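Analysis of the macromolecular model
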Amino acid sequence: MSDARPVSAGDGGPGRPPIWSRPERGSRGPAPAHSREAIVVAAVALADAEGLAAVSMRAVASALGTGAGSLYRYLSSRDDLLDLMTDRVIGELRPYPQAEGDWLDTMVLLGRRQLALFGAHPWLLDVFHRASGVGPETLAWFDNCIRVLEPLPCAVTAKFEAIAMMTGVVSLFARREAAAGALSFAGVDLAAYPHLVAAFGQPPAPAPRADLVERTLRSLLTGLLAEAG
């Protein structure tokens, strides 16, 4: 059954204020049995356990022991719920590390925390890019990143681009980790691919001092920000 419901004149339609600026619940109806916070916690737990597709207004209401209709006293749609879920888990990136040392070290640490967050909540990969999901915790994250990058002389546009690119690259690493198995040429006849044959014939290189995630983030951020300065 769809989570959609008829839109009334009081819903405000597509131009309605974001969920963050709306009251916790409507002014009409019986006294609230649940809080918006409890609804979001239940939805996050459901998504963590069964995936984002399992999160419907009906399923969340069932987890709370109530009817789906009662949730509409707190939320206008499933999209509102997804926005609240996104912002809640992004809040798990707190407390932010202090930028007392090198800015690059701090940004790499922030990137690793993002990667861990995607690992803890794989469904976040499918919703974090939604413009409507930019809530208080997402803004706090950006604010903190700008704080870390404040000493750099480059333009603020370059800093925002670097933060966005870091998040994008981290999400690619998260998707790679979530994928089953790894790329392998085992059992493949490479005779028709001489460059691959030559590459695999090279002696193994010494193990790098840092893993691929760190090396990628350092190269990316340095290239975007050091040169922009």
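This structure is a prediction, so every number in the text was calculated from the model and none was measured. (Residues numbered from 1 in each chain as written. Predicted model: local features only at pLDDT ≥ 70, side-chain atom pairs only at ≥ 80, totals over all residues. Heavy atoms only, no water.)

Here the focus is the packing of aromatic side chains. Applying the stated criterion across every chain yields a total of 3 aromatic pairs. Aromatic side chains Phe 142 and Phe 160 sit 6.3 Å apart centroid to centroid with 45° between the ring planes, which places their arrangement in the tilted category. With Phe 142 in helix α6 (residues 136-149) and Phe 160 in helix α7 (residues 156-178), this residue pair connects regions lying 18 residues apart in the sequence. Phe 142 sits in the partly exposed class, given a relative accessible area of 25%. A relative accessible area of 42% means that Phe 160 is categorised as partly exposed. (Phe/Tyr/Trp six-rings, centres within 6.5 Å; stacked < 30°, edge-to-face > 60°. Helix = DSSP H or I, 4+ residues; strand = E, 2+ residues; numbered from the N terminus. Buried < 20%, exposed > 50% of the residue type's maximum accessible area, 1.4 Å probe, protein only.)

Moving on to the side chain of Ser 70. Here Ser 70 is to be found in helix α3 (residues 68-71). Owing to a relative accessible area of 12%, Ser 70 belongs among the buried residues under this scheme. Only 2.9 Å separates the side chain of Ser 70 from the side chain of Thr 66, close enough to count as a polar contact. (Polar contact = N/O pair within 3.5 Å; in protein donor to acceptor, adjacent residues only side chain to side chain.)

The subject of this paragraph is unusual backbone geometry. Look at the link from Arg 94 to Pro 95: it is a cis peptide, with omega at -10°. In this structure, Pro 95 sits in the loop between α4 (78-90) and α5 (103-120).

Right, let's get into the pattern of salt bridges. Proximity of charged atoms lets side chains of opposite charge pair with each other. Using the criterion set out here, one finds 10 salt bridges in the structure. For Asp 79, the salt bridge goes to Arg 130, with nearest N and O atoms at 3.6 Å. One end of the pair, Asp 79, is in helix α4; the other, Arg 130, is in the loop between α5 and α6, with 51 residues separating them in the sequence. Since its relative accessible area comes to 41%, Asp 79 is described here as partly exposed. Overlapping salt bridges bring together Asp 105, Arg 112, Asp 211, Glu 214 and Arg 218 as one network. (Salt bridge = Lys/Arg side-chain N within 4 Å of Asp/Glu carboxyl O.)

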